[in-house]
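# Observations on the three-dimensional arrangement
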Amino acid sequence: MPPFLFTLAPERKPVILLEDCVVVRGHKEVLKSVSWQVGAGDLVVINGAAGSGKSTLIKLLAGIVSANSGRVEVLGKVPGATSDTERTKFRRELGLLLPELDLMDDANCLENAVLPLRIAGASSADWHARGMKTLLDFELGHLALQRPEALSPGEQARLRLARALIHRPALVLADEPFAQTDAGSLQVMKARLALAAAEGTTVVLAGAELRDEIAGARHFRLSEGRLL
Amino acid sequence: MSLALQQAWRTLRHSPLAFVLTVVLLAAAAFVPWFARGGFGNQQEAAPEIPFEFELASGHVTARDSIVNALRKLNKIQDLVTLSPGDVRREVLAELGDSLADILSERDFPAIVRFKLAARNVAELQTFAAKWSRAPGVVRVVYPEEIALNRLPEAGASPAMDRTKLWVIAGTSWVLAGLCLRAVFLRRRATWRLFIWLGCSPAMMFFVRLWLGLFVSVCAAVVWCLASFAARSPMAIEYMELGTGLLWAVLLGLTASLWLVGTGRLEAEG
């Protein structure tokens, strides 16, 4: 059994469990023997320089990339090794905030925010109501019918986070969530993430320089594929 | 379902030129069966009007009426007239001279049903003649057989173009339409990746592809109709009645959507 960087109390079931995980891309070991546990409602921040493996770690947890060796369990499942139905169900329990997942430029802000609800089959009345409430929570209510192109970078970042949180996921995985964000948006986003964690959502944030204080956050450092 | 429908429509709106090209290619492919039957742009050669006369047995007024009614129901019959023995006698005398008036009486002539048949090929012509020569009340079927045989193609042959070429053109059009539709779909690959990673099920992605296929099918069917009306040929109207062209367009559109990229491929790209 490899040493865990952080071990949960025995009574807490881990939401994320990595044991000796290795991910190789090409000839490079992007993640080197990572062992890690994160419990429900934890808010963790992973700092690291560009190329340190943060995005790979987030994608590993999301089931977008697979580990070459080691054990990966997220929300009690092995992300990459499930059937179509289980994979769909697993993804609906996640709140993803990745640079690759941009906003839909041919949909308005409300439609962008409620996408996870609509994909999960929520009724029109339900997604309209929850969508407007969420946009108001993120101070975007007045922009509900605007296209994302009309928003500032900070507003777009808030909208992406609103989309990641609207369906109350069990786990939020965010890669560089605060890039190009103004101070006002940063405050709103941190507050919403802290609130989500307080309500039981596990939040994992990865970024180059996430040194700012987020209430209740535990900080880790990823350096050359090793979690420190 | 509404999300799938909405996304299919937005996908087509996202690439209007490729969308139009897909529809035109599908409509072109759907025209091939019509071409193969000798239609479109070659109507005169494909369906020449062959003059026909049915000589009727004397005293068969009921039979004559039923023959005329049956012929009127066929849309390939034109200029249908009935001539009594007296009318026929007058025609003959007008041609040969009144000097024969004393020799020829009405009883020497049969009643006649005269019309023009738009036949597409020899087999159709001969089948028609053989069928009616056996009809009750019809004594003889008269038509310029030799001229007709020279003007009409053999059964199944296309006067306009070789059939194999037509099917190759149809197949090529269908493949190109499929590839265009695939390009339309892939132009929104970022959106599809977003959908998949947010938990969109393979079933919902299937419905998006199905709706895409249906949209282009219906549009191709409309283009097919408009082009058929523009051609204004009897064959087009016959096809319209049968709905064959429309069904063909829809079938081609739906099968063209098989060229679309599946969920697995989109995931692998991620």
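Every value quoted in this text rests on a predicted model; they were computed, and no experiment measured them. (Residues numbered from 1 in each chain as written. Chains lettered and ligands numbered in written order. Predicted model: local features only at pLDDT ≥ 70, side-chain atom pairs only at ≥ 80, totals over all residues. Heavy atoms only, no water.)

## Quick notes on the confidence of the model for chain B
Residue and element names in this part refer to chain B. In this model, chain B carries a mean pLDDT of 79, and residues with pLDDT of at least 70 account for 81%. In the predicted structure, residues 40–46 sits below a pLDDT of 50 and forms 15 contacts with residues beyond four places in sequence or in another chain. Interface confidence for the predicted complex, expressed as ipTM, amounts to 0.87; the pTM equals 0.69. (pLDDT = per-residue confidence, 0-100. Contact = heavy atoms within 4.5 Å.)

## Description of the nonpolar core
With 74 residues, the main nonpolar core has Leu18(A) and Trp36(A) as its most contacted residues. With eight residues, helix H11 (residues 202–231) of chain B is the largest single contributor of residues to this core. Leu43(A), Val45(A), Val114(A) and Leu161(A) belong to the second-largest nonpolar core, a separate cluster that totals 36 residues. (Core = buried A, V, L, I, M, F, W, Y, C linked by side-chain atoms within 4.5 Å. Buried < 20%, exposed > 50% of the residue type's maximum accessible area, 1.4 Å probe, protein only. Helix = DSSP H or I, 4+ residues; strand = E, 2+ residues; numbered from the N terminus.)

## Thoughts on unusual backbone geometry
Residues and elements named next belong to chain A. Non-glycine residue Gln 180 carries a positive phi angle of around 55°. Relative to the helices and strands, Gln 180 is located in the loop between strand S6 (171–175) and helix H7 (183–198). Under the relative-accessibility criterion, Gln 180 is labelled exposed at 69%. A positive phi angle, close to 50°, is found at Glu 224, a residue other than glycine. With respect to the helices and strands, the residue Glu 224 is situated in the loop between strand S8 (217–223) and strand S9 (226–227).

## A few points about the environment of His219(A)
Residues and elements named next belong to chain A. Take His 219: it is sitting in strand S8. Taking relative accessible area as the criterion, His 219 reaches 34% and is therefore assigned partly exposed. Among the polar contacts made by the side chain of His 219, one reaches the side chain of Asn 47 at a distance of 3.4 Å. (Polar contact = N/O pair within 3.5 Å; in protein donor to acceptor, adjacent residues only side chain to side chain.)

## Quick look at the side chain of Asn112(A)
All names here are of chain A. Along the chain, Asn 112 turns up in helix H3 (residues 109–113). For Asn 112, a relative accessible area of 0% translates into the label buried. Separated by 2.7 Å, the side chain of Asn 112 and the backbone nitrogen of Met 104 make a polar contact. For Asn 112, the residues in contact, after removing those within four places along its chain, are Leu 103, Met 104, Ala 107, Pro 148, Leu 159 and Arg 163.

## Digging into the packing of aromatic side chains
On inspection of all chains with the given rule, the structure shows 15 aromatic pairs over all chains. These aromatic residues form a ring-pair network of at least three members: Phe52(B), Phe54(B), Phe115(B), Phe128(B), Trp132(B) and Tyr143(B). Across from the ring centre of Phe138(A), 5.7 Å away, lies the NZ or CZ of Arg192(A), which sits over that ring. (Phe/Tyr/Trp six-rings, centres within 6.5 Å; stacked < 30°, edge-to-face > 60°. Lys NZ or Arg CZ within 6 Å of the ring centre and 35° of its normal.)

## Considerations on the interface of chain A and chain B
Many descriptions give the size of an interface as the accessible area lost when the pieces come together. Listed by partner, the interface residues are 20 residues for chain A and 21 residues for chain B. When chain A packs against chain B, the two sides together hide about 1,900 Å² of surface, and 59% of this comes from carbon and sulfur. Here chain A and chain B share two salt bridges between them. Asp106(A) is the salt-bridge partner of Arg188(B), the closest N and O atoms lying 2.9 Å from each other. Linking chain A with chain B are six residue pairs in polar contact (both at pLDDT 80 or more). Counting residues per element, the ones that place at least two in the side of chain A that touches chain B are helix H2 (84–92) and helix H4 (115–119) of chain A. (Buried area = accessible area lost by both parts, 1.4 Å probe. Salt bridge = Lys/Arg side-chain N within 4 Å of Asp/Glu carboxyl O.)

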